[in-house]
Amino acid sequence: MKRTYLDYASTTPTDPAVAAAMQPYLTGIFGNPSNAHSFGKEARKAVEAARRSVAGLIGAKTHEIVFTSGGTESNNTALKGVAHANRSRGNHIITSSIEHHSVLGSCEFLESTGCSVTYLPVDPEGMVDPESVLKAITPKTILVSIMHANNEIGTIQNIAEIGKLAREKGITFHTDAVQTVGHIPVNVDSLNVDMLSASAHKFYGPKGVGFLYIRLGTRFSPFMHGGMQEKSRRASTLNVPGIAGMGKAAEIASGGLGEEMLYVTLLRDRLIKGIGDSISRAHLNGHPSLRLPGNVNYSFENVEGELLLQHLDEEGIACSSGSACSADSSGPSHVLTAIGLSSELIAGSLRISLGKYVKEDDIDYFLEVLPEAIKKVRSLTEVIE
Ligand SMILES: *Cc1c(COP(=O)(O)O)cnc(C)c1O
């Protein structure tokens, strides 16, 4: 059996060069970067080098980067922080119905505190219509938050256009770019964003560390209180090894982005063609061209996704499904629901997500195993029916 990891949208393997860059800060260089003494200074040097790498990757200024514990914290900070700081100006937030749970959960919480939230629909390919953002704006709107690319179906939104509309109205614009930073070009100026969330473990860095880009002059309140770290924008001692690792991951991504995109897109298209050729009653979810290089999402008719995952896992293959009980949610996928899929097609969904360590061999192995696995699962469901 060949163990094959095809679940890069959940997390990516840590690049060995990232692990090596973290090593000194796990052992010898242990100082607290907030301290003025030489131990603190050493650690601070690593943190500031990482800040430059991360800022460079997204075209930001170094003082606009705030280190966090990951994508979830960055999203919580952006939504709750902007809502709180703008209480006297308004209480209306615009987002989409396909956001990550960390955005939707923050919105739900804010609704319980008196905010009103518009959840924009998406078209069958998962696109938010920028016009619909414009139409949803009211005098009370204080924030628009639309994700750059979706983690389930891979659809990439027209963030630059939405950002332009928000800016014309003077409304803060946030994007969850956890799936795009380090994978496709991301530039905070060309995207017209005021805030942007990213997470290291989605681009070959360590888990539990990320950042929030906050454009200078953006009104927001910190989420974590009780310390002056990050210019009082995020209290708590910095995760020095994690930040050093993320800095290295950003540096690697800056250097190899174009090449990696080409390679992963090639794998993706080979996989899509292979599935199309070998599996009947299969439907590709998401946008045909405006999609992440590493995302493939299919719905198979008459297939129980959870069972399919089990069969694949028995063959060493790891991917994920939007069916009833996926790891990070309790019900059927809200994203697949929002693009209008029937409950049968949601149940039969499979996300295969790729990255730089996937080999052509892995794709061939997957394409060898999948038809047999689908056949087994289909015969089971058909017998039950
Ligand atoms: C993974 C993910 C997150 C959460 O990031 P963590 O660092 O795991 O908290 C947020 N948004 C999107 C789109 C993601 O894919």
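Model, not experiment: these values are computed from the prediction. (Residues numbered from 1 in each chain as written. Predicted model: local features only at pLDDT ≥ 70, side-chain atom pairs only at ≥ 80, totals over all residues. Heavy atoms only, no water.)

A word on the domain arrangement of the protein chain
Looking at the assigned domains, one finds that the protein chain contains domain 1 (4-12 + 256-384) and domain 2 (16-252). Placing the centre of domain 1 and that of domain 2 at their C-alpha centroids yields a distance of 28 Å. The interface is formed by 31 residues belonging to domain 1 together with 33 residues belonging to domain 2. Across the interface of domain 1 and domain 2, roughly 2700 Å² is buried in total on both sides, 56% from carbon and sulfur atoms. If you sort the residues of domain 1 by the area they bury against domain 2, Thr12, Leu292 and His334 come out on top, with a joint share of 23%. Our count for the domain 1 to domain 2 interface comes out at zero salt bridges. In this structure, the connection of domain 1 to domain 2 is made through 18 residue pairs in polar contact (both at pLDDT 80 or more). Taken together, the elements giving at least two residues each to the side of domain 1 that touches domain 2 come down to helix H8 (240-278), strand S10 (295-300) and helix H10 (334-338). Considering only residue class, the side of domain 1 that touches domain 2 consists of 13 nonpolar, 13 polar and five charged. (Domains from an automatic or database assignment. Contact = heavy atoms within 4.5 Å. Buried area = accessible area lost by both parts, 1.4 Å probe. Salt bridge = Lys/Arg side-chain N within 4 Å of Asp/Glu carboxyl O. Polar contact = N/O pair within 3.5 Å; in protein donor to acceptor, adjacent residues only side chain to side chain. Helix = DSSP H or I, 4+ residues; strand = E, 2+ residues; numbered from the N terminus. Nonpolar A, V, L, I, M, F, W, Y, C, P; charged D, E, K, R; others polar.)

A short note on the pattern of salt bridges
Enumeration over the complete set of coordinates arrives at 14 salt bridges. The partner of Asp194 in a salt bridge is Arg167, with the nearest N and O atoms 3.6 Å apart. With Asp194 in the loop between strand S6 (172-176) and strand S7 (195-199) and Arg167 in helix H6 (residues 159-168), the pair connects residues that are 27 residues apart, well separated along the chain. Its relative accessible area of 12% is what places Asp194 among the buried residues. A salt bridge links Asp269 to Arg268; its shortest N-O distance comes to 3.0 Å. With a relative accessible area of 37%, Asp269 lands in the partly exposed category. (Buried < 20%, exposed > 50% of the residue type's maximum accessible area, 1.4 Å probe, protein only.)

Quick word on the site of the ligand
Residues in close proximity to the ligand total 14 residues, the closest being Thr72, Asp176, Gln179, Ser199 and Lys202. The side chain of Ser199 places a nitrogen or oxygen atom 2.6 Å from an oxygen atom of the ligand. Contact with the protein chains covers 87% of the free accessible surface of the ligand, which is 380 Å². Tallying contributions element by element places helix H3 (residues 71-85) first for the shell around the ligand, with three residues. For the shell around the ligand, the per-class residue count stands at two nonpolar, ten polar and two charged. (Near = heavy atom within 4 Å. Areas by Shrake-Rupley, 256 points an atom, 1.4 Å probe, with all protein chains shown as cover.)

What to know about a negative patch on the surface
Negative charge collects at one region of the surface, where Asp123, Glu125, Asp129 and Glu131 lie side by side. Mapped onto the elements of the fold, Asp129 is located in the loop between strand S4 (116-120) and helix H5 (130-136). Given the relative accessible area of 41%, Asp129 is considered partly exposed. (Patch = residues over 30% accessible without salt bridge, like charges linked within 9 Å, V, L, I, M, F, W, Y side chains within 5 Å. Lys, Arg positive; Asp, Glu negative; His and termini not counted. Charge placed at Lys NZ, Arg CZ, Asp CG, Glu CD.)

What about the layout of surface pockets?
Space inside the second largest pocket adds up to approximately 150 Å³. Lining of the second largest pocket is provided by Lys80, Gly81, Ala83, His84, Arg87, Phe109, Leu110, Thr113, Ser221, Pro222, Phe223 and His225. At the level of secondary structure, the elements contributing two or more residues to the lining of the second largest pocket comprise H3 and helix H4 (101-112). If you tally residues by element for the lining of the second largest pocket, the top one is H3, at four residues. Taken together, the residues that form the lining of the second largest pocket break down as five nonpolar, five polar and two charged. (1 Å grid on protein atoms, 1.4 Å probe; cavity = no way out; pocket = protein on both sides within 12 Å on 5 of 7 lines; lining within 4 Å. Points joined across faces, edges and corners; volume = space filled by probe spheres on them.)

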